[in-house]
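# Survey of secondary and tertiary structure
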Amino acid sequence: DDAGADMDMESMMGGDTGPEAGDDPSLVEIVEPKSLLEETILALQQLGIIIGVAIMVMFGFMVMVGVERLVEKMGEKYQAMTGKKKPEKKDPASLVGTFSRYK
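Sequence order as written defines the numbering, with residues in each chain counted from 1. Reporting of local features is limited, given that this is a predicted model, to residues whose pLDDT is at least 70; pairs of side-chain atoms are given and counted only at 80 or more, and all residues count toward the totals for whole chains, interfaces and linings. Only heavy atoms go into the side-chain values, all of them from the structure, while hydrogens and water stay out.

Turning next to the overall build of the protein. Of regular secondary structure, the protein possesses two helices and zero strands. Accessibility throughout is a Shrake-Rupley quantity obtained with a 1.4 Å probe, and a residue counts as covered only by protein chains that appear here. For the protein, the computed accessible surface area is about 10400 Å², with 65% contributed by carbon and sulfur atoms. Each helix is a run of H or I in the DSSP string that is no shorter than four residues. Each strand is a run of E no shorter than two, and both are numbered from the N terminus.

Let us now look at helix α2 (residues 36-82). A helix is expected to span 1.5 Å multiplied by its residue count minus one. Taking 1.5 Å of rise per residue, the 47 residues of α2 would be expected to cover 69 Å, and the 69 Å separating its terminal C-alpha atoms lies within 8% of that figure. The first or second residue beyond α2 is G83, which carries a positive phi of 85 degrees.

A contiguous nonpolar surface patch, about 500 Å² in accessible area, is contributed by L44, L47, I51, I55 and M58. Within the secondary structure, M58 is located in helix α2. Any residue with relative accessible area above 30% and no salt bridge may belong to a patch, with like charges joined within 9 Å and the nonpolar Val, Leu, Ile, Met, Phe, Trp and Tyr side chains within 5 Å. Counted as salt bridges are all cases of a side-chain nitrogen of Lys or Arg within 4 Å of a carboxyl oxygen of Asp or Glu.

Now the structure itself:
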């Protein structure tokens, strides 16, 4: 037995077996072309979706910036209440040649 070695790829995949029950040409729906007004309305709906998504992204960004500013103010209030101060940032140019920049 050659285990089907004499079959080509089309016969293994099913190939062209002729018309099927769902391929009846009399059942194909004829699509009527849309008028200019209908196409314009669809285009405006799609534009509205794009603009809506852009507004949502801008709103999300603004909320993120607001939350960041709020957290910074809360951190400043906490530091003022506990008496802790932020460590001073050293000038990067003054750290050249020293090992303190790797700490």
